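Geometric and topological summary
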Amino acid sequence: VETGSTQTKKLSGTTVQVAQALSSVVGTTALDFEILSDRKITLNHQKAEEYIDLPVFAAERPVNDTHVQELFDEMRRGNFNPLPVVLATVELNGKVYKLNGQHTCWAVSFMPKDYSVQVREVKCRVKTEDEMRMLYRTWDRLMVRTDAHAVHVMLAGSSVAENIGPSHLSCLVAGLKR
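Quick summary incoming for the structure in this document.

So, how was this worked out
- Residues numbered from 1 in each chain as written.
- Predicted model: local features only at pLDDT ≥ 70, side-chain atom pairs only at ≥ 80, totals over all residues.
- Heavy atoms only, no water.
- Salt bridge = Lys/Arg side-chain N within 4 Å of Asp/Glu carboxyl O.
- Helix = DSSP H or I, 4+ residues; strand = E, 2+ residues; numbered from the N terminus.
- Buried < 20%, exposed > 50% of the residue type's maximum accessible area, 1.4 Å probe, protein only.
- Pairing = 2+ DSSP bridges.
- Axes fitted to C-alpha atoms, helices over the stretch in contact; angles between N-to-C directions.
- Contact = heavy atoms within 4.5 Å.
- Parallel < 35°, antiparallel > 145°, perpendicular 65-115°, else oblique.
- Left-handed = near helix turned anticlockwise from the far one by under 90°.
- Nonpolar A, V, L, I, M, F, W, Y, C, P; charged D, E, K, R; others polar.

**Examining the pattern of salt bridges**
A complete count under the given rule lists ten salt bridges for this structure. In this structure, Arg 76 engages Asp 73 in a salt bridge whose closest nitrogen and oxygen atoms are separated by 2.9 Å. Note that Arg 76 and Asp 73 are positioned in helix α2 (residues 65-77) at a spacing of three residues, about one turn of the helix. On the accessibility criterion, Asp 73 (16% relative accessible area) is buried. The closest approach of N and O atoms between Arg 125 and Glu 91, which form a salt bridge, is 3.5 Å. You can see Arg 125 sitting in strand β7 (residues 117-126) and its partner Glu 91 sitting in strand β5 (residues 86-92), a full 34 residues away along the chain. The exposure class of Arg 125 is partly exposed, given its relative accessible area of 34%. If you follow the salt bridges from partner to partner, you end up with Glu 34, Glu 91 and Arg 125 in one network.

Pasting the structure below:
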């Protein structure tokens, strides 16, 4: 269903709406890059440290110790899921920059020396800094699951969570972390 500048779609009982108008941002170009390789690799201490040592793009987020700790804890418990992990680099004028995966690499660097995990590695190349900016801006746009949502997923359908709403669950999880 289109109405003015929005489009609405209903599938399987869920309704989603998107705006049709595009906003323009001055100083950006269309997304343009070349994929040099896309393959599975073994992420071990050596690979993690090589990746950590790569230079960062000027707008890279600083390493978040809390996120590294969460990944490290999952690895130690044996619950780390490597499927969504993508180590990514971008090459500009012969220089290779980190694009994605630094937190996972930091977590691996704290694991015992014999720890390794299979992850996806993508290497890209761009011709201009604007193209690198666009690639970086669009790379990791996933909505991270909160701790409360992860607990909700774990309890979903169980009698334990039968009468606990999402807001109460958030409070419960916050209390458990203290």
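**Some thoughts on the sheet that holds β7**
Pairing is mixed across the open sheet formed by four strands, whose spatial order is β4-β7-β5-β6. The open sheet is flanked by β4 (34-43) and β6 (95-100), the only strands paired with a single partner. Between one strand and the next, the sheet's axes are offset by a mean angle of 25°, whatever the strand orientation. Examined bridge by bridge, β4 and β7 share nine bridges and lie antiparallel to one another. Of the residues in β7, the one forming a bridge with Arg 39 is Glu 121. Seen against the sheet, helix α3 (residues 102-110) touches β4, β5 and β6 and runs at an angle of roughly 25° to β4.

**A word on the packing of α2 against α3**
The contact between α2 and α3 brings their axes to 8 Å, and the two run at 55°. The angle between the axes of α2 and α3 places the two elements in the oblique class. Taken as a pair, α2 and α3 cross one another with a handedness that is right-handed. Note on element contacts: α3 touches α2 through His 103, Thr 104, Trp 106, Ala 107, Val 108 and Phe 110, opposite His 67, Val 68, Leu 71, Phe 72 and Met 75. For the contact of α2 with α3, the residue count by class is eight nonpolar, three polar and no charged.

**Topic: the pairing of β6**
Both β5 and β6 contribute to a ladder of five bridges, which runs antiparallel. Each residue of the ladder has a partner; that of Ala 88, found in β6, is Asn 100. What sits between β5 and β6 in their antiparallel hairpin is a turn of two residues, with Asn 93 showing a positive phi close to 50°.

**Some details on α3**
Of all the nine residues making up α3, seven are buried; the element is thus mostly covered by neighbouring parts of the structure. Listing the buried residues of α3 in full gives Gln 102, His 103, Thr 104, Cys 105, Ala 107, Val 108 and Ser 109. On its buried face, α3 is in contact with β4, α1 (45-52), α2, β5 and β6.

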